[in-house]
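# Structural description and commentary
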Amino acid sequence: MDAIYAYIAKGSGFYALRTVDRITKRSQQIALFPLSGRTVPEYESDRFREVFMNPYRIIYHIKPDRIVVLAVIHGAMKIIEDDM
């Protein structure tokens, strides 16, 4: 989140703060509705899910006692590198 804020703040502190706030609010919704996100295509497990706050992916892990946000990444980024 710090990196996202710093990058956007180069152009606009207002939009940087707004973006971080929107991502934070979207992440809080996960706690209420953990199954609302889709499964992460790169992994074949129902425990790893993601929601979107365009252009970002909020990737999280559903554990028995809590939800853990694993990453907030730009949608154009790959999680797993292809072996070529």
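Below is a summary of the structure that appears in this document. Since this is a predicted model, take the numbers as computed values, not measurements.

Judged from the 7 bridges that link them, strand β3 (residues 56-62) and strand β4 (residues 67-74) form a sheet pairing that is antiparallel. Each residue of the ladder has a partner; that of Y60, found in β4, is V69. Taking the residues between adjacent antiparallel strands as the criterion, β3 and β4 are bridged by 4 residues.

This brings us to the environment of I4. Structurally, I4 is set in helix α1 (residues 2-9). The buried category is assigned to I4, whose relative accessible area is 10%. C-alpha separation for the pair I4 and V40, spaced 36 residues apart in sequence, amounts to 21 Å. Each residue touching I4, except ones within four places of it in the same chain, is listed here: T19, I23, Y56 and V72.

Moving on, we get to the pairing of strand β2 (residues 48-53). In the sheet, strand β1 (residues 38-39) pairs with β2 via 2 bridges, with the strands oriented antiparallel. By the bridge assignment for β2, R38 is matched with E50. The sheet contact formed by β2 and β3 spans 6 bridges and is antiparallel. When the bridges of β3 are listed, R49 appears paired with Y60. What sits between the antiparallel neighbours β2 and β3 is a turn of 2 residues.

Calculation criteria
Residues numbered from 1 in each chain as written. Predicted model: local features only at pLDDT ≥ 70, side-chain atom pairs only at ≥ 80, totals over all residues. Heavy atoms only, no water. Pairing = 2+ DSSP bridges. Helix = DSSP H or I, 4+ residues; strand = E, 2+ residues; numbered from the N terminus. Buried < 20%, exposed > 50% of the residue type's maximum accessible area, 1.4 Å probe, protein only. Contact = heavy atoms within 4.5 Å.

Such coordinate-based values are descriptive only and should not be taken to indicate function.
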